[in-house]
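The primary structure of each chain is shown beneath.
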Amino acid sequence: MKISNSEKRLRQPIVVVLGHVDHGKTTLLDKIRGTTVVKKEPGEMTQEVGASFVPSYIIEKLAEPLKKVIPIKLQIPGLLFIDTPGHEYFSNLRRRGGSVADIAILVVDITEGLQKQSIESIQILRERKVPFLIAANKIDKIPGWKSTNDIPFLASIEKQRNDVKVYLDNLVYNLVSQLANLGFSAERYDRIKDFTKTVAIVPVSAKTGEGIADLLALLAGLTQRYLETRLKFAEGPAKGVILEVKEDPGLGHTIDVIIYDGVLKKNDTIILGGINGIIITKVRGIFVPRPLQDMKLSKYDLTPIDEVYAAAGVKLSAPNLEEALAGSPLYVIEDESKVEQYKQQIEEEIKEVRLYSDIDGIVLKADSLGTLEALISALQREGIPIRLADIGPISKRDVIEASIVAQRSKEYGIIAAFRVKLLQGIDTSGVKILYNEIIYQLIEDIKKHINEIREAEKRRTFDTLILPGKIKILPGYVFRRSDPVVVGIEVIGGVIRPKYPLIKEDGRRVGEVLQIQDNKKSLERATKGMEVAISIKGNVMIGRHINEGDILYTDVPKEDLEILANKYPSSITDDMREVIKEIIRIKRKEDPLYGLGLQI
Ligand code: GDP
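Just so it is clear, the model here is predicted, and its values are computed rather than measured. (Residues numbered from 1 in each chain as written. Predicted model: local features only at pLDDT ≥ 70, side-chain atom pairs only at ≥ 80, totals over all residues. Heavy atoms only, no water.)

This brings us to the sheet that holds strand 23 (residues 414-418). A sheet is described by the order of its strands in space; here five strands give the open sequence 20-22-21-23-24, paired in mixed fashion. The open sheet terminates on both sides in strands that have one partner only, identified here as strand 20 (355-356) and strand 24 (432-435). Bridge analysis of strand 23 against strand 24 gives four bridges, and the strand direction is parallel. In the strand pairing of strand 24, Ala 417 is matched with Tyr 435. (Pairing = 2+ DSSP bridges. Helix = DSSP H or I, 4+ residues; strand = E, 2+ residues; numbered from the N terminus.)

For the protein, mean pLDDT is 92; residues scoring 70 or higher make up 97% of the total. With pTM at 0.77, the complex prediction returns an ipTM value of 0.99. (pLDDT = per-residue confidence, 0-100.)

Quick look at the sheet that holds strand 9 (residues 199-203) now. Hydrogen bonds between backbone atoms are what pair the strands of a sheet, whose relative direction is either parallel or antiparallel. Ordered in space as 2-3-1-6-7-9-8, the seven strands form an open sheet in which the pairing is mixed. Among the strands making up the open sheet, the edge pair consists of strand 2 (51-55) and strand 8 (186-188). Pairs of neighbouring strands in the sheet enclose a mean axial angle of 30°, with direction left out of account. Relative to strand 9, strand 8 runs parallel, the two sharing three bridges. Among the inter-strand pairings, Arg 188 is bridged to a residue of strand 9, identified as Ile 201. Against the sheet, helix 7 (residues 212-226) contacts strand 1 (14-19), strand 3 (78-82), strand 6 (103-109), strand 7 (132-137) and strand 9, and its axis sits at roughly 110° relative to strand 3. (Axes fitted to C-alpha atoms, helices over the stretch in contact; angles between N-to-C directions. Contact = heavy atoms within 4.5 Å.)

Those residues of helix 13 (residues 558-567) that sit buried are Asp 560, Leu 561, Leu 564 and Ala 565. Viewed along the axis of helix 13, the buried residues span an arc of 125°, placing them on a single side of the element. (Buried < 20%, exposed > 50% of the residue type's maximum accessible area, 1.4 Å probe, protein only. Arc of directions from axis to C-beta.)

Take unusual backbone geometry next. Following Ala 310, the chain continues to Ala 311 via a peptide bond in cis, the omega torsion being -5°. Relative to the helices and strands, Ala 311 is located in the loop between strand 17 (307-309) and strand 18 (312-317). A positive phi angle, near 65°, is found at Asn 320, a position not held by glycine. Looking at where Asn 320 falls in the secondary structure, it is placed in the loop between strand 18 and strand 19 (329-333). Given the relative accessible area of 47%, Asn 320 is considered partly exposed. Of note, the phi angle at Asn 519 is positive, near 50°, even though the residue is not glycine. Among the structural elements, Asn 519 can be located in the loop between strand 28 (509-518) and strand 29 (521-522). Classification of Asn 519 as exposed rests on a relative accessible area of 73%.

Here we take up the site of the ligand. Among the 15 residues in the neighbourhood of the ligand, the closest are listed as Asp 22, Lys 25, Thr 26, Thr 27 and Asp 140. Between the ligand and Thr 27, the relevant distance is 2.5 Å, taken from an oxygen atom to a side-chain nitrogen or oxygen of the residue. At 3.1 Å, a side-chain N or O of Asn 137 approaches an oxygen atom of the ligand. Within the complex, 72% of the 580 Å² of free accessible area of the ligand lies under protein. (Near = heavy atom within 4 Å. Polar contact = N/O pair within 3.5 Å; in protein donor to acceptor, adjacent residues only side chain to side chain. Areas by Shrake-Rupley, 256 points an atom, 1.4 Å probe, with all protein chains shown as cover.)

Glancing now at the side chain of Thr 208. If you trace the backbone, Thr 208 turns up in the loop between strand 9 and helix 7. Contact partners of Thr 208, with chain neighbours within four places excluded, come to Lys 31, Asp 140, Ser 147, Asn 149 and Asp 150.

All right, on to the environment of Leu 79 then. Here Leu 79 lies in strand 3. The buried category is assigned to Leu 79, whose relative accessible area is 0%. It is 29 Å that separates the C-alpha atoms of Leu 79 and Ile 350, two residues lying 271 residues apart in sequence. Residues within four places of Leu 79 in sequence aside, it is in contact with Gln 12, Pro 13, Val 15, Ser 52, Phe 53, Val 54, Ile 59, Leu 216, Leu 219, Ala 220 and Thr 223.

As C-alpha cells, then:
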C-alpha cells in the first residue's frame, strides 16, 4: 500500500463487480483473490478493509502469455477490487456526480445473456459515468468445452473444436446485440480496435480460472491508458468515502473507508457527514487486516498502521462516529481555515440526495446516503413519485407523512424501508411498510403494491362512477310511451349503464336508465355506435317530456367527472372526450365551476 513517491505516480484503479444474481460475481472475486494469494510474495499484504489488492507484478506474470495481444508495462501499482459485489454496496462508493470506482466488471452468465439486474447495473454505471467491461462468465458450461484450469482465454480457445468456437461466438453475439439495444457497441476483446468506443467482452470461467489473466490484463491496461489523469496521485490530504459504519468490539464505532486520493495519517483531523449533521473528529487508529490471515475480519485480525496512501481500504477509529453516514465523503482537514468550506461542500452533497416535498408520493428510508441515492434514481426511472426520502430508522414523522398521502392517494401511502427498522412504540395503522434488503426487489415490491391498490380502487371506484354518455332516440322506435318509456337508441359517444340519470340538451332531468337490451338480452353497458333498446323510469312521457330524435346525455356529477379526469385519464376515449365537453357546456349554465380546471 505504501509506495515511494515519484513525480508521476499513478494510484491503483478501484474496480467494482456488478451483475445479475447467480451470474458468478462472488465466485469471480474469490477466484481473483485466490489467484493473487497463491502468486504473491510472502508477507505481502493484499487484503484490505472492504477491498483486495492485486499487485501489478502478479498481473504481469499472469499476462505473460498474452504479451502479443495486450502488451503492457504497468505503471499503476496494481488493481484494488472492492470485495462486496452488487450495487447495494457500489452505491455507497459515491462521489459528487459520479463514483469513486474507476472501472466496473459487469459479470454476465454467457449462457443466459443480460438479465434484469444486468440492465439495471448498466443504467447505474451509466448514471455514475463509470466505464465497464463485461466478464462473459461460465464458458466452461458451453457444450463440448474443454477446460484447462487457470489459462488465459486466448490459450483456451485454441484448444476448442471448431463447432465449440462457433457456439461461443453465437453466445457472444447474442450479448453484442443485447448491448446494441441499450446503445452500446460491444465486441469480444481480442477483436476490438478502438477501446474508447467499444465495450470489451472477456469470456471467462470463474470456476476454472480460464480468462482471469485476460480480464486482469485488460483492466490494468485500459485504466492506465485511458484514465491516467484520474489516477494521478496527489501527495496531499486524503479524500475518501465511507463504505460502512460498524461497531467493533474493543474499538467502538468505526468506519470502513475507501481512500481514493492523498495520504491519511494517524491523528489527522477529518470531516465527514453524519445523520444529524457534520462530524469533525481526529483519527485515533487506522487499521488493516493482518497479513496472511483469514479474510473474515474480527478485531484480532486487525493491525494498526500509521499512515495510508490512496487507493486503499481501511478501517478508522475515532471519537463521535456513532452517527457517521455511509456513502458520505470524508476529507482530511490540513488547514483550520478550510473547515467551513469542507463543511458546506459535504452539507450540500447530502442535501442534494435527501428529498422532501408536499406531493403525494411514497416515503423512502434507507441506511446510507448511497443506497438512498440509488433507490431515488431507480424510483424516478419507474415514474414513482417521492414525498420524502431520508436516512435512518422509520420515525413517527415518516408514518404521519405516509398517512397524509394515504388519505388522498392510497396507492402511495407507503413507507419503503431499505435496511432500516421501525423505531419502537410507533403506531403504524393505516400505513403499509415494505421492507426489502435488495434494491431491485424493493422497487419491484413497491410497483406491485401500487398496482394492486390501483386495480382494487379502479374496480371499486370506477364502477361506481357515472360516466359521460350521449344517446339519440331513434325515430320510429318507440316501443312504450310511458311508465317506463321503452325506446330504441343509438349511443353517439361515451357509455351508458343501468341506473345512469339522463338529461336533455337544456340540462333538464328526464329520469334514469332502467335496463339496456339488445335482442332481448340484458346488457351492463352500451358504448359508441351501439343501437339498443332502453327503458327509462321516472316521471317522463314520450311526446311530452321527450321526443323521437332527441339527444340525451348522462347526468355526470361534478365529483365523478373530477375523479375520472384526475385518476383514470387513460380510460377517457376520444368520443367520450367530445361528450364531456358538451356536458360541461350544458352543466356550466347551472354551475359555473363544473369541470373547471380539468385536463380533458
Ligand atoms: P453471484 O450471485 O453473482 O455472486 O453468483 P455466485 O458467484 O454465487 O455464483 C452462482 C452459482 O454459479 C454458484 O453455484 C457458482 O458455483 C456458479 N458459478 C459461478 N461461476 C461459474 C462458472 O464460471 N462456471 C460454472 N459452471 N459455474 C459457475
